[in-house]
Amino acid sequence: GSVPSFAGHPNGADAHSGDLNDWNRPAATGNMAGDPGGWGWWAIPAVVASPLVAWVVHKKSEEEKKKMQEENTKLQEKLARSKEQVYKQKELEIRVKEAYLSKLEKQLRERQDIKCSVWNPSKSSSHREIVERYMEQEAETWAKVYARRLQVLAGLQEIFKYDDYCATRPEDHGKLMWTFWRQWKMEIEREKYKLLAERLAQDPC
């Protein structure tokens, strides 16, 4: 019934209490972070690890989102520049068409004036034919580059063949030629307003 004595132990009762404390802590040889025999990273309490992981995921998500936004911005800028180049090219083509149509108006007046001045030696039929051939060649070249669908060449051939209207005043010569000319002008005006509408739709400001 007596309590066992630890007096015989080299270190006495203190050694026994020391053994009990050793059970509650890792071995001395492996309690450094990263030591396979110690606590390691997995020993980080959950209350610390969970917010840390969440922060890392959030940070990575923010970086990926920022990168995507930057790439999208660059793409939008590239598309905007591309569209602007297309608009400028179309505007240039419309200006060329308008310039050509203005020149064509003068040529038609000149040709019809020759047609209606048959008694003037300086404005003979041979001169008119030279002017007509030049107008046809120019219309064919111009149409290939800018406006085949306007069919200017076909219209000129109809004019040269059938328009022989001569009025009292030179500025009133011709009828069919003005029908075709107004048709060509209206087509170019439609192209101009269509382009304007497209630009406003893309950039209302």
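1. Regarding the overall build of the chain
Right, so step 1: Scanning the chain from N- to C-terminus turns up five helices and zero strands.
Right, so step 2: When the helices and strands of the chain are listed from N to C terminus, the series reads α-α-α-α-α.
Right, so step 3: Burial statistics for the chain: of 205 residues in total, 22% are counted as buried.
Right, so step 4: Nonlocal contacts in the chain, meaning residues at least 24 apart in sequence, comprise 63% of its contacts between residues at least 6 apart.

2. What to know about helix H3 (residues 125–145)
Right, so step 1: The end-to-end C-alpha distance of H3 is 31 Å, a good match for the 30 Å that 21 residues give at a rise of 1.5 Å each.
Right, so step 2: Those residues of H3 that fall on the buried side of the exposure criterion are Arg 128, Val 131, Glu 132, Met 135, Glu 138, Ala 139, Trp 142 and Ala 143. Buried residues along H3 cover an arc of 135° about the axis, so they all sit on one side. Among the exposed residues of H3, those pointing more than 90 degrees away from its buried face are Gln 137, Thr 141, Lys 144 and Val 145.

3. A word on the confidence of the model for the chain
Right, so step 1: Across the chain, the average pLDDT comes to 76, with 66% of residues at 70 or higher.
Right, so step 2: Mean pLDDT values over the elements of the chain span from 47, in helix H1 (residues 12–22), up to 94, in helix H4 (residues 152–162).
Right, so step 3: This model gives residues 2–24 a pLDDT under 50, and the stretch forms four contacts once residues within four places in sequence are excluded.
Right, so step 4: Throughout residues 27–37 the model reports pLDDT below 50, and contacts reaching past four residues in sequence, or to other chains, amount to eight contacts.

4. Remarks on the nonpolar core
Side chains that are nonpolar tend, in soluble globular proteins, to be buried together.
Right, so step 1: Counting 24 residues, the largest nonpolar core has Leu 104, Leu 108, Met 135, Val 152, Leu 156, Ile 159 and Trp 184 as the members making the most contacts within it.
Right, so step 2: Elements with a contribution of two residues or more to this core: helix H2 (46–115), H3, H4 and helix H5 (176–202).
Right, so step 3: Apart from residues lying up to four places away in sequence, Leu 108 is in contact with Met 135, Leu 156, Ile 159, Met 177 and Trp 181.

5. Some thoughts on unusual backbone geometry
Right, so step 1: Although it is not a glycine, Gln 151 sits at a positive phi angle of roughly 55°.
Right, so step 2: Counting through the fold element by element, Gln 151 comes out in the loop between H3 and H4.

6. What to know about the packing of H4 against H5
Right, so step 1: Between H4 and H5, the shortest axis-to-axis distance is 9 Å and the interhelical angle comes to 165°. Relative to H5, the element H4 lies roughly antiparallel. With respect to the hand of their crossing, H4 and H5 are arranged in left-handed fashion. Side by side, H4 and H5 meet where Val 152, Gly 155, Leu 156, Glu 158, Ile 159 and Tyr 162 of the first sit next to Leu 176, Met 177, Phe 180 and Trp 184 of the second.
Right, so step 2: Looking at side-chain class alone, the contact of H4 with H5 contains eight nonpolar, one polar and one charged residues.

7. With respect to the packing of H3 against H4
Right, so step 1: Closest axis-to-axis distance for the H3/H4 pair is 8 Å, and the angle between their directions is 160°. Judged by the angle between their axes, H3 and H4 are roughly antiparallel. Judged by the twist between their axes, the crossing of H3 over H4 is right-handed. On the side of H3, the interface is formed by Glu 132, Met 135, Glu 136, Ala 139, Glu 140 and Trp 142, while H4 contributes Val 152, Leu 153, Leu 156, Gln 157 and Phe 160.

8. Quick look at the pattern of salt bridges
Right, so step 1: Taken as a whole, this structure holds 13 salt bridges when the rule is applied.
Right, so step 2: Close ionic contact of Glu 191 with Lys 97 constitutes a salt bridge, the shortest N to O distance being 2.6 Å. Here the residue Glu 191 occupies a position in helix H5, and Lys 97 occupies one in helix H2, the gap between them amounting to 94 residues. This pair shows no difference in class: Glu 191 is buried, exactly as Lys 97 is.
Right, so step 3: Put simply, Arg 128 and Glu 132 hold a salt bridge, and the shortest N to O gap is 3.0 Å. Here Arg 128 pairs with Glu 132, and both are found in helix H3, just four residues apart, close to one helical turn. Glu 132 carries the same exposure label as Arg 128, and that label is buried.

Parameters at a glance
Residue numbers run consecutively from 1 along every chain, following the written order of its sequence. Residue-level local features of this predicted model are given only where pLDDT is at least 70; pairs of side-chain atoms are given and counted only at 80 or more, and the full residue set underlies all totals for whole chains, interfaces and linings. The side-chain figures draw on all heavy atoms in the structure; neither hydrogens nor water molecules are used. Numbering goes from the N terminus for both helices and strands, where a helix is a DSSP run of H or I of at least four residues and a strand is a run of E of at least two. Exposure categories follow from relative accessible area, calculated using a 1.4 Å probe and restricted to protein chains: below 20% of the type maximum is buried, above 50% is exposed, and the middle band is partly exposed. Contacts between residues were defined by any pair of non-hydrogen atoms, one from each residue, lying within 4.5 Å. By this rule the span expected of a helix is its residue count minus one, scaled by 1.5 Å. Directions pointing from the helix axis toward each C-beta atom define the arc. A residue's pLDDT is the predictor's confidence in that residue, given on a scale from 0 to 100. Remark: nonpolar core denotes a set of buried residues (Ala, Val, Leu, Ile, Met, Phe, Trp, Tyr, Cys) joined through side-chain atoms within 4.5 Å. A fitted line through C-alpha atoms represents every axis, and for helices the fit uses only the stretch in contact; the resulting angles, taken between N-to-C directions, go from 0 to 180 degrees. Orientation labels follow simple angle bins: below 35 degrees gives roughly parallel, above 145 gives roughly antiparallel, 65 to 115 gives roughly perpendicular, and whatever is left gives oblique. Helix crossings fall into two classes, left-handed where the near helix is turned counterclockwise from the far one by less than a right angle and right-handed where it is turned clockwise. Note that Gly is not counted as nonpolar here; it falls among the polar residues with everything else outside the nonpolar set of Ala, Val, Leu, Ile, Met, Phe, Trp, Tyr, Cys and Pro and the charged set of Asp, Glu, Lys and Arg. Just to be clear on terms, a salt bridge is a Lys or Arg side-chain nitrogen sitting within 4 Å of an Asp or Glu carboxyl oxygen.

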